[in-house]
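The lines below spell out each chain.
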Amino acid sequence: MAQRIYSNQKYEEEFIHTNEDLEKLRSDGILMFQQVPLMEIDGMELVQTRAILNYLSSKYNLYGKDLKERALIDMYSEGLADLNEIFINYPFNPPGVKDTNIALMKEKAKNRYFPAFEKVLKSHGQDYLVGNKLSKADVHLVEVIYNMEELEPNIIASFPLLQALKTQINDMPTVKKFLQPGSQRQPPVDEKNIQKTRKIFKF
Amino acid sequence: MAGKPVLHYFNGRGRMECIRWLLAAAGVEFEEKFVETPEDMEKLIKDGSLMYQQVPMVEIDGMKLVQTRAILNYIATKYNLYGKDMKERALIDMYAEGIFDLSEMVMSLVLCPPDQREANIALVKNKIKNRYLPAFEKVLKSHGQDYFVGNRLTRVDIHLLELLLYIEELDASLLASFPLLKALKTRISNLPNVKKFLQPGSQRKPPPDVEKIAEARKLFNFS
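All values reported here derive from a predicted model rather than from experimental measurement. Numbering of residues starts from 1 in each chain and follows the order in which that chain's sequence is written. Written order decides the labels, with chains lettered from A and ligands numbered from 1. Local features in a predicted model are, by the rule used here, given only for residues with pLDDT of at least 70; side-chain atom pairs are given and counted only at 80 or more, and totals for whole chains, interfaces and linings are based on all residues. For the side-chain quantities, the full set of heavy atoms in the structure was used; hydrogens and water were omitted.

Caption draft 1: Examining the environment of R20 of chain B more closely. Residue and element names in this part refer to chain B. Runs of E in the DSSP output that reach at least two residues are strands. Runs of H or I that reach at least four are helices, and both are numbered from the N terminus. Within the secondary structure layout, R20 lies in helix α1 (residues 17–25). A sequence separation of 13 residues divides R20 from K33, and the C-alpha atoms of the two residues are 13 Å apart. If sequence neighbours within four positions are ignored, R20 has contacts with L7, Y9, F10, G12, R13, F30, E32, F34, F197, Q203 and K205. Contacts are assigned to residue pairs that have any heavy atoms within 4.5 Å of one another.

Caption draft 2: Spotlight on the nonpolar core. As used here, the term nonpolar core means buried Ala, Val, Leu, Ile, Met, Phe, Trp, Tyr and Cys residues forming a set that is joined through side-chain atoms within 4.5 Å. Residue exposure (1.4 Å probe, protein chains only): buried if accessible area is under 20% of the type maximum, exposed if over 50%, otherwise partly exposed. Core analysis: the biggest nonpolar cluster contains 129 residues, and Y76, F114, F117 and M148 of chain A together with F136 and F148 of chain B have the highest contact counts within it. All the domain ranges listed were derived from an automatic or database domain assignment. Two domains each put at least three residues into this core: domain 1 (2–60) and domain 2 (73–178) of chain A. Apart from residues lying up to four places away in sequence, F148 of chain B is in contact with Y95, F136, V139, L140, H143, V156, D157, L160 and L184 of chain B.

Caption draft 3: Examining the interface of chain B and chain A more closely. The partner chain A presents 34 residues to the 33 residues of chain B that form the contact. Buried area is a sum: the accessible area each of two parts loses on coming together, probed at 1.4 Å, counted once for each and added. At the boundary of chain B with chain A, total buried surface from both sides reaches about 3000 Å², with 63% on carbon and sulfur atoms. Among the residues of chain B in contact with chain A, M51, Y52 and M94 of chain B are the three that bury the most area, contributing 21% of the side total. The rule for a salt bridge is simple: a side-chain nitrogen of Lys or Arg has to be within 4 Å of a carboxyl oxygen of Asp or Glu. Counting across the interface, chain B meets chain A through two salt bridges.

Caption draft 4: How the structure looks around unusual backbone geometry. Cis rather than trans, the peptide bond between V36 of chain A and P37 of chain A has omega equal to 10°. Here V55 of chain B and P56 of chain B are connected by a cis peptide whose omega angle stands at 15°. Mapping P56 of chain B onto the fold places it in the loop between α2 (38–46) and β3 (57–60). For Q48 of chain A, which is not a glycine, the phi torsion comes out positive at approximately 80°. Position of Q48 of chain A among the secondary structure elements: in the loop between β2 (44–47) and α3 (49–59). Even without being a glycine, Q67 of chain B presents a positive backbone phi close to 80°. By the secondary structure assignment, Q67 of chain B is in the loop between β4 (63–66) and α3 (68–78). Relative accessible area serves as the criterion here: at 11%, Q67 of chain B is assigned to the buried category.

Structure, rendered in structure tokens:
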């Protein structure tokens, strides 16, 4: 949901707390593939994370100015999504797999993904990844940096340009607000969440 | 403009096949450079051609694009297969992502250890029959048009045809109770560019050979 904050858009949330909540959405016929996330926006019932993100990004001018900028933004966003996919799932991994994946994320972040983005920033010397303007790629990158810092606090120590980008994004008034306690930002997953989620989705 | 797009990948379907389909459907000729050994892969990496040290990679219009969706989105936009506005794009993305989720499941079946294959095949067939195909059939029924979105050809029709053919390879009976999807499959297959791609001798890749895949994974050190 970081997307909406960057555009200073208010949004409501209807949380699914139980399996019954999920089944009701399913029987109402509004989940195209019986899955969440779902975003009701502009008369549409949109599912699929990328469909939602792409729509928001286009609507709020975070998707570049043309075809070629969009290609770069997509390439950057998709790489980050690969890394973030492991992060989203790891709390639910069995213990041995969990430790392996934590190590894997740290290794990939430090040896594959962060160097790639540091290189992009170095290549043009601009403040943002694409087109000298904030885009969804910057948003995703900073979110991923925060996520990786939960695993290893100094993880971007050797990436000065990433640090600069993070600081710059943090200083945006809308982001500052989102980072405050009491915002709609979700905290790290804890054991209670895990059990609750397992019950909702029956796994 | 540069010459033809050049596709860098293994000589198999994998994550490049949907890109081959889209280019073919758009009538775009392309070249392929196959990664056959770890040395081929290392060369691409050393040349700095692979942003994340991974393929697929497509050289197109002066860019070296990686990440399947980035490549597909670029091709779809360039060749007018991505809808006419933001809202059509949203629908296209929603449908395409559902297609990709299912394709991923179907493609992963060949990677399954033999003792889990039966159970996984049953699971996937269940999702095909009860979740995905009904959802797509419902869309076609809702507007009664010949194409999935916007009453004209878009990438969704192509992605869907590809998926329906894989489902047919898995179990042809799965398509039996979906008349509108079957009709779409026939119609899209008969479009000239698609018809050509479906002929023997095209750049379309055959079904995966389980043993060959196992060998390749060992060779390239995939987990």
